[in-house]
Amino acid sequence: MSLQRHVRSLHSLAPANKDHVSAWRVAISVAVPSLVLLASGHPELIAYAVFGALTGMYGRTEPHQLRLRHQGQAAVLLLTGVGTGVLLSAHHIHSWALVLTEAVFAGAGSLFADRTTLKPAGPFFGILALGACASVPATVPWHVAVLIAAGSAAFSIAVGFGGWFRGRTWQRGWRRDVTVLRGERRRAAWLHAARYVSAVGAAGAIGVLSGSGHPHWAMAAAAVPLAGADLPSSVYRGIHRIVGTLLGLVVVAAVLFPWPGSPLQAFPGHAAAVMACLVIVLQFSTELFMTRHYGLAMISFTPVILLIGQLAAPADPQVLVTERAVETLVGAAVGILVVVLIRPRLIRHRLIRRGRAAGP
């Protein structure tokens, strides 16, 4: 591929495929439980609801019957991430224990995602949920947080299945087309899981050693390039992650920094309501571009994650923006490096050369 085509692919927008339908499903899935928690006086719990609602991002183009199963599988990954993160937070487990736990989860999540052929591919959202939930204080018992996420996931699945009642077609034995992990594919899946463990663990270690208060951001960013189908797409995803996050941080600064144009300044005393509404709107735009342009999706998704974090545990906006930028750069760079260094084709060729050198 020529340099010109590489550059063009970074800013090209894929054709639309009824993206607004999926975007509305996800926005509704986020909006209802979030507004319920806001009305009940518990905006700090919205993060758990949002991570459960991300179930709606899966199986967007599949028929309702297959989407039901697909989203059920995705909910397992997301709820495991939320539950593990809340458990770590409740026991005040941070730093190296968090890095180890998240790295192991990334590897296991990769195997699960490959076995179930999740789309979006990989365990990224589960990794993100684990790190985010572990980084905020657990203000409710563990089971309450998990139940909030599970209820949100169940509502999201119901929203995704709602259109079935128009046609009501159900075919017995109809299953999703998944890849059976045997032989070479099984070895490739284990290698891919090892790449997740390596990238997430290395990024988290750098985050801890650097003294960052949010190493989980670096770990999540490191997982992004690994979802690419090949080396070019992995590098593109890493670059899109960096550029999209940096532009998304401009949006975060416009919202959280104390300046006259901030929406928080326009509605004094209603900061939680404003941030909750922005989360809903930005999640809609995230899903609108998720499959068309990953970088554009990240411009919206970055504020979503930081705003729900602010609702759970307010922090200095300047420190928040700075650390998120640095951790994203570090994590994405580590993920790209792991993709370049650990490639199935290179490893297979090395093994072949070693076998030939050893002789019969």
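Residues numbered from 1 in each chain as written. Predicted model: local features only at pLDDT ≥ 70, side-chain atom pairs only at ≥ 80, totals over all residues. Heavy atoms only, no water.

1. Overview of the packing of helix 3 (residues 46–53) against helix 7 (residues 142–161)
Applied cut-off: To obtain each axis, a line is fitted to C-alpha atoms, and for helices this fit is confined to the stretch in contact; angles are then taken between N-to-C directions over 0 to 180 degrees. Helix numbers and strand numbers start at the N terminus; a helix is a DSSP run of H or I with at least 4 residues, a strand a run of E with at least 2. Roughly parallel means an angle under 35 degrees; roughly antiparallel, over 145; roughly perpendicular, 65 to 115; everything else is oblique. Crossings are sorted by hand: turned counterclockwise from the far helix by less than a right angle, the near helix makes the crossing left-handed, and turned clockwise it makes it right-handed. Note on contacts: a residue pair is in contact if any heavy atoms of the two residues lie within 4.5 Å.
Remark: helix 3 packs on helix 7, axes separated minimally by 7 Å, with the N-to-C direction vectors making an angle of 40°. One way to sum up the angle between helix 3 and helix 7 is to call them oblique. Considering how the two elements wind past one another, helix 3 and helix 7 form a crossing that is right-handed. In this structure, helix 3 uses Tyr48, Ala49, Gly52 and Ala53 to contact helix 7, whose residues at the interface are Ala145, Ile148, Ala149, Ser152, Ala153 and Ser156.

2. Quick word on helix 10 (residues 215–223)
A turn of α-helix holds 3.6 residues, and therefore any two residues three or four places apart point the same way. Cut-off, in case you're wondering: Summary of the burial criterion: residues with accessible area below 20% of their type's maximum are buried, those above 50% are exposed, and those between are partly exposed, where the area comes from a 1.4 Å probe applied to protein chains only.
Of all nine residues in helix 10, nine are buried; the element is thus mostly enclosed. Among the residues making up helix 10, those that are buried are Pro215, His216, Trp217, Ala218, Met219, Ala220, Ala221, Ala222 and Ala223. Turning to helix 10, the residues buried within the fold contact helix 5 (95–116), helix 6 (124–134), helix 9 (184–209), helix 11 (231–256), helix 14 (294–312) and helix 15 (317–341).

3. Structural notes on the confidence of the model for the chain
Quick note on the threshold: Confidence scores per residue from the predictor, reported as pLDDT, run from 0 to 100.
With 90% of its residues at a pLDDT of 70 or more, the chain shows a mean pLDDT of 88. Per-element mean pLDDT across the chain ranges from 43 in helix 16 (residues 344–358) up to 97 in helix 3. Every residue in residues 346–360 is under pLDDT 50, and counting partners more than four places away or in other chains gives four contacts.

4. Digging into the nonpolar core
Heads up, the condition is: Only buried Ala, Val, Leu, Ile, Met, Phe, Trp, Tyr and Cys residues count toward a nonpolar core, and they belong to the same one when joined by side-chain atoms within 4.5 Å.
Counting residues in hydrophobic clusters, the biggest one holds 84 residues, and the most contacted among them are Tyr48, Phe51, Phe124, Phe125 and Phe301. Among the elements that line this core, the one with the most residues is helix 14, at eleven residues. Beyond its immediate chain neighbours, meaning those up to four positions away, Tyr48 contacts Val82, Val86, Cys133, Val136, Pro137, Ala138, Val140, Ala145, Ile148 and Ala149.

5. Topic: the pattern of salt bridges
Under the convention used in this document: The salt bridge definition used is simple: a Lys or Arg side-chain nitrogen within 4 Å of an Asp or Glu carboxyl oxygen.
The full count for this structure, using the stated rule, is three salt bridges. In this structure, Glu287 engages Arg60 in a salt bridge whose closest nitrogen and oxygen atoms are separated by 3.1 Å. Of the two residues, Glu287 is situated in helix 13 (residues 271–289) and Arg60 in the loop between helix 3 and helix 4 (64–90); the sequence distance between them amounts to 227 residues. Of the two residues, Glu287 and Arg60, neither departs from the other in class, the shared state being buried. Of the charged contacts in the structure, one is a salt bridge between Arg187 and Glu184, with a shortest N-O distance of 3.0 Å. Placement of the pair is Arg187 and Glu184 together in helix 9, with a separation of three residues, close to one helical turn.

6. A word on unusual backbone geometry
Residue Lys119 is joined to Pro120 through a cis peptide bond whose omega torsion reads 5°. Take Pro120: it is sitting in the loop between helix 5 and helix 6. Even without being glycine, Thr117 reaches a positive phi, approximately 50°. By the secondary structure assignment, Thr117 is in the loop between helix 5 and helix 6. By relative accessible area, Thr117 is classed as buried at 19%.

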